[in-house]
Every structure is written in structure tokens, then in C-alpha cells.
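Here is what each chain is made of, one letter per residue.
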Amino acid sequence: LYFIHWPFPNYHAPFCDVDSRNPDSRPFSVEEFMDTYRQCEELVEKGKIRYIGISNMTIPKLEAVLPLMKIKPAACELELHPCFQQQEQYDYLVAHNIQPVGYMPLGSPRRPERDICPEDVADMQTPEMQEIAKAHGVHPALIALKWAHQRGEISIPFSVHNYASNLKCVTEDPLTEEEMAPLGIKPAELEIDFEEGDTVTITAGVWKDTVGVIQSINPSKQIVTINVELFGRETPVEIGFTEIKKM
């Protein structure tokens, strides 16, 4: 997975203030972004990389570039944590079968001063996080990681000592629906008109007009796994609920 980290040329020098401006920075340009993205697509076609990732893309930016891509990005990295859920952006990515990858999953209380707002909240110090952590007998940081995992995102916490506990916490003792609810995630209330074994047509993306059979359904991520024929063999692919139509 090869990421494009920032969608336009920009750089903040260490310890600069909020009024600092880099003279070499430029606004987002569809043409410049796609020039970089097409080079990544060439790397996939040459077998140098398997997947392309993007980062810090807003919905308007995504809507401008997704129709121009030959290869859909596999993932999008953005800041995600219980006190900064970016729900509209998250839902957009899931609906387009792009995996959300959350950086700063424990919150960002140590962000540069220029980026701090008066209304910012330290996730791990909220009463809800403290109460749930106490009930599970773990540090609130592990509750944040459990929350993210059960939400369906991939978290990339910055840690040099806690690799094992970070990984272990998402494989055991999950949060209940009642515990997820005060953190902003409620039980899914989805109306779907398909089930495992149904034959469907993919209506968007790189697999558009492909016919396949649903193998599994994941309501929390709003995706289905479909077997499609590729190079003479059946291959499983994950597709968003909004990108399939029952035949």
C-alpha cells in the first residue's frame, strides 16, 4: 500500500505560528493531484506496488478526482478519534468502498499550538471514556482503539512500547453496543434487500457492470464480499452496499 500523504504542496515548519505561510505552498489542483496519482497507477500496473492510498482528502476533492481514476484508492488516511469522528467523511469513504485509516486514534491533545481550538477535548479524559475504561480494567487508550476497530476503521497509533497490547486489545473483550453508543456509535439500522447467495450487479467503481454472488455481508462496515470471475477463477472482492444492485 503506497500512500499519497497530502493532496497539495504544503509544509509547516516546526514551531511556526498559525499565521505562518509557506511561500511554496499551492492550493489543491485536480490536474496536479491526478498527475501524481497516475504515476501511482503505473506502479500498480508494473507490479511495483499492490494498492494506492490517499490522505486528508475532503469529499469535494474526492468527488473531483474519483471519476478520473483507473484504479480506485484502497484506503484514505485521516484524523479519526472519538472526539473527532468526521462522520460524513467516514460514511462517504465506506459507501465508496475505500477503507478509512485513522491517525491520532487516541486524540490529539499534543497537536501544535497553532492547530488548537478552544473547544478541543482530550478524548481519554472524557467521563464516558473513563467510565468504560474502568469497567474493562484497561487504560482509556485501549478503549479508543477498541472503538475504532469496532467502528470499522484501521488505526495507526503512535507507539514505541505498546505494540502487543494495542494489537491484543482489538481481539478480545469488545465494547458492547451500550458502551459504543455514548461514544457516538449506535447499533446499525440498515435496510438491505439482499442476502448471502444473491446474484448482484456492481454499479460503480472499477468493477462496474460485473456480476457476482454475495458470499458475506458486513453491516457495520456496510460492505459485501462478492465472488467475481478474474482471469478464469473466482476472486473475492469487497463492495459497498450502495454500489450493488440485486438481479
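No experiment lies behind these values; they were computed from the predicted model shown. Residues take numbers from 1 onward in each chain, read along the sequence in its written order. pLDDT decides what is reported in this predicted model: residues at 70 or higher carry local features, side-chain atom pairs at 80 or more are listed and counted, and totals for whole chains, interfaces and linings draw on all residues regardless. Where side-chain values are given, they derive from all heavy atoms of the structure, hydrogens and water being excluded.

K.L.:
I keep staring at the overall build of the chain and nothing clicks. Help me out?
P.N.:
Of the regular secondary structure elements, the chain holds seven helices and 10 strands. By residue count, 37% of the 247 residues in the chain fall in the buried class. Contacts are assigned to residue pairs with any non-hydrogen atoms lying within 4.5 Å of each other. Partitioning the contacts of the chain with sequence separation of at least 6, the portion at a separation of at least 24 is 58%. Each accessible area is a Shrake-Rupley estimate made with a 1.4 Å probe; only the visible protein chains count as cover when residues are assessed. When the accessible area of the chain is evaluated, it comes to approximately 15,100 Å², of which 54% is carbon and sulfur surface. A helix here means a DSSP run of H or I that spans at least four residues, while a strand means a run of E at least two residues long, and both kinds are numbered starting from the N terminus. Each residue is placed in one exposure class: buried if its accessible area under a 1.4 Å probe, protein chains only, is under 20% of its type's maximum, exposed if it is over 50%, and partly exposed if it falls in between.

K.L.:
Teacher, can you tell me more about the pattern of salt bridges here?
P.N.:
For side chains bearing opposite charge, pairing can occur when the charged atoms are close. Within this document, salt bridges are pairs made up of a side-chain nitrogen of Lys or Arg and a carboxyl oxygen of Asp or Glu, the two lying within 4 Å of each other. Within the structure shown, the criterion is met by four salt bridges. With its nearest N and O atoms 3.3 Å apart, the salt bridge here joins R26 to E32. Given a relative accessible area of 41%, R26 falls into the partly exposed group. Between D198 and K246 there is a salt bridge; the shortest N-O distance is 3.6 Å. Remark: K246 occurs in strand β10 (residues 244-246) and D198 occurs in the loop between α7 (177-180) and β6 (199-202); sequence separation between them is 48 residues.

K.L.:
In this structure, what is going on with the pairing of strand β2 (residues 52-55)? I would like to understand it.
P.N.:
Here is the key point about a regular strand: its side chains alternate between the two faces of the sheet. Here β2 shows two buried faces, one formed by I52 and I54 and the other by G53 and S55. Pairing between strands is defined by DSSP: at least two bridges between them are needed. Note that strand β1 (residues 2-4) and β2 share three bridges and pair parallel. By the bridge assignment for β2, F3 is matched with G53. Relative to strand β3 (residues 75-79), β2 runs parallel, the two being bridged by three bridges. The partner of S55 across the bridge, within β3, is E77.

K.L.:
What's the story with the sheet that holds β1 in this structure? I'm lost.
P.N.:
Working definition: the strands of a sheet are paired by backbone hydrogen bonds and lie parallel or antiparallel to each other. Spatial strand order, β1-β2-β3-β4-β5: five strands in an open sheet with parallel pairing. This sheet does not close on itself; its edge strands, each paired only once, are β1 and β5 (154-156). Across the sheet, the mean angle separating the axes of adjacent strands is 30° when strand polarity is ignored. Between N-to-C directions, angles cover 0 to 180 degrees, with each direction set by a line fitted to C-alpha atoms, over the stretch in contact for helices.

K.L.:
What am I meant to see in unusual backbone geometry here?
P.N.:
Phi angles above zero are rare outside glycine, and Q86 is one such case at about 45°. Note that Q86 resides in the loop between β3 and α3 (87-95). Accessibility expressed as a relative area gives 29% for Q86, which makes it partly exposed.

K.L.:
So what exactly am I meant to see when it comes to the packing of aromatic side chains here?
P.N.:
The description of two aromatic rings rests on the distance between their centres and on the angle between their planes. For Phe, Tyr and Trp, rings pair up if their centres lie within 6.5 Å, where Trp contributes its six-membered ring, and each pair is then called stacked (planes under 30 degrees apart), edge-to-face (over 60) or tilted (otherwise). A complete count under the given rule lists three aromatic pairs for this structure. Judged by centre distance (5.7 Å) and plane angle (65°), the rings of W6 and F8 are edge-to-face. Among the residues examined, W6 registers a relative accessible area of 35% and is labelled partly exposed. Aromatic pair F33 and Y37: ring centres 6.1 Å apart, planes at 25°, arrangement stacked. Highlighted residues: F33 and Y37, both in helix α1 (residues 30-45), separated by four residues, approximately one helical turn. In terms of burial, F33 and Y37 fall into one category: buried. In this scheme, Lys NZ or Arg CZ marks a charge over a ring once it lies within 6 Å of the ring centre and within 35 degrees of the ring normal. In this arrangement the basic side chain of K61 is found over the ring face of F28, its NZ or CZ atom lying 5.3 Å from the centre. A cation over an aromatic ring shows up here: R151 above the ring of Y90, its NZ or CZ 3.9 Å from the ring centre.

K.L.:
Looking at this model, I keep getting lost on the pairing of β3. Mind explaining?
P.N.:
Here β3 lies mainly inside the structure; five of its five residues are buried. A right-handed crossover is one whose linking path, passing over the helix from the first strand to the second, runs clockwise when the strands point away from the viewer. Crossover connection from β2 via helix α2 (residues 59-65) to parallel β3: handedness right-handed. With five bridges joining them, β3 and strand β4 (residues 99-103) adopt parallel strand pairing. Its bridge partner being in β4, E77 is matched across the sheet by V101. In terms of handedness, the path from β3 via α3 over to β4 forms a crossover that is right-handed.

So far we have only geometry, and geometry alone does not tell us how the molecule works.
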